[in-house]
Amino acid sequence: QVQLVESGGGLVQAGGSLRLSCAASGRTFSSYAMGWFRQVPGKEREFVATISWSGGRTYYADSVKGRFSISRDNAKNTVYLQMNSLKPEDTAVYYCARDRGSRWPATGRREYDYWGQGTQVTVSS
């Protein structure tokens with residue numbers, strides 16, 4: 001069983017930065033691509049970013065490109081999301097997830113099999 005636990009969310013002013021972390025259990029973390037999604041109430045969960053198993057490839061949603069950066073440390077079983085130049089529209093619950101491995105880049109919810117519980121990010125204007 002894989003468990004994913006996000007942390008690092010909080011309240012920040014527009015233009016500020018946050019770094020989210022996602023700690024994974026299990027010995028196979030380094031074998032899978034990982035992704036970040038976000039969701040606001042009443043809307044679909046949307047793709048934010050993904051990183052390959054080695055960290056050598058990354059892919060971002062247009063809405064965050066140039067502002068967010070995804071990275072991973074396989075020795076620590078952790079994936080990160082560095083969020084800079086935050087905007088009020090980035091306010092959401094952020095989730096990390098494990099890629100099933102069907103294609104690259106995987107941007108759909110159903111392409112991920114394990115999910116964390118989410119961490120709230122609130123950006124004030």
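Details of the structure are given in the entry above.
Residues numbered from 1 in each chain as written. Predicted model: local features only at pLDDT ≥ 70, side-chain atom pairs only at ≥ 80, totals over all residues. Heavy atoms only, no water.

**Topic: the overall build of the protein chain**
For clarity, the threshold we go by: A run of DSSP states H or I qualifies as a helix once it reaches four residues; a run of E qualifies as a strand once it reaches two. Both are numbered from the N-terminal end. The globule rule used for comparison is 2.2 Å times the number of residues to the exponent 0.38, while the radius of gyration itself is calculated over C-alpha atoms. Residue contacts follow a heavy-atom distance rule, with two residues in contact if any of their heavy atoms lie within 4.5 Å.
Scanning the protein chain from terminus to terminus reveals zero helices and 11 strands. Helices and strands appear in the protein chain in the N-to-C order β-β-β-β-β-β-β-β-β-β-β. Computed over its C-alpha atoms, the radius of gyration of the protein chain comes to 13 Å, within 12% of the 14 Å expected for a compact globule of 125 residues. Overall size of the protein chain, expressed as C-alpha extent along the three principal axes, is 40 × 25 × 25 Å. Sequence-distant contacts in the protein chain: of pairs separated by 6 or more residues, those separated by 24 or more amount to 58%.

**A short note on the nonpolar core**
Let me state the cut-off plainly: As used here, the term nonpolar core means buried Ala, Val, Leu, Ile, Met, Phe, Trp, Tyr and Cys residues forming a set that is joined through side-chain atoms within 4.5 Å. Any residue under 20% of the maximum accessible area for its type is buried, any over 50% is exposed, and the rest in between are partly exposed; the area is computed with a 1.4 Å probe on protein chains only.
Trp-36, Leu-81, Met-83 and Tyr-94 are the most contacted members of the largest nonpolar core, which totals 32 residues. Breaking this core down by element, the ones donating at least two residues are strand E3 (18–24), strand E4 (34–39), strand E5 (46–51), strand E7 (68–73), strand E8 (78–83), strand E9 (92–99) and strand E11 (119–124).

**A look at the packing of aromatic side chains**
Selection criterion: Any pair of Phe, Tyr and Trp rings, taking the six-membered ring for Trp, is counted once the centres come within 6.5 Å. Such a pair is stacked with planes under 30 degrees apart, edge-to-face with planes over 60 apart, and tilted for the rest.
For the structure shown, the criterion picks out five aromatic pairs. Between Phe-37 and Phe-47, the ring centres sit 5.7 Å apart and the planes meet at 80 degrees, which makes this aromatic pair edge-to-face. Of this pair, Phe-37 sits in strand E4 while Phe-47 sits in strand E5; the two residues are 10 residues apart in sequence, bridging distant segments of the chain. Assessed through its relative accessible area of 1%, Phe-37 is described here as buried. Judged by its relative accessible area of 10%, Phe-47 falls in the buried class. Taking the centre distance of 6.1 Å and the plane angle of 55 degrees together, the rings of Tyr-112 and Trp-115 count as tilted.

**Brief notes about the pattern of salt bridges**
Inclusion rule: Whenever Lys or Arg places a side-chain nitrogen within 4 Å of a carboxyl oxygen from Asp or Glu, that contact is recorded as a salt bridge.
The full count for this structure, using the stated rule, is seven salt bridges. Residue Glu-44 is joined to Arg-109 by a salt bridge in which the shortest nitrogen-to-oxygen separation is 3.5 Å. In this pair, Glu-44 sits in the loop between E4 and E5 while Arg-109 sits in the loop between E9 and strand E10 (112–115), placing the two residues 65 residues apart along the sequence. Taking the relative accessible area as the measure of exposure, Arg-109 reaches 32% and is therefore partly exposed. Lys-65 is the salt-bridge partner of Asp-62, the closest N and O atoms lying 3.0 Å from each other. Asp-62 sits in the exposed class, given a relative accessible area of 67%. If you follow the salt bridges from partner to partner, you end up with Arg-38, Glu-46, Arg-67 and Asp-90 in one network.

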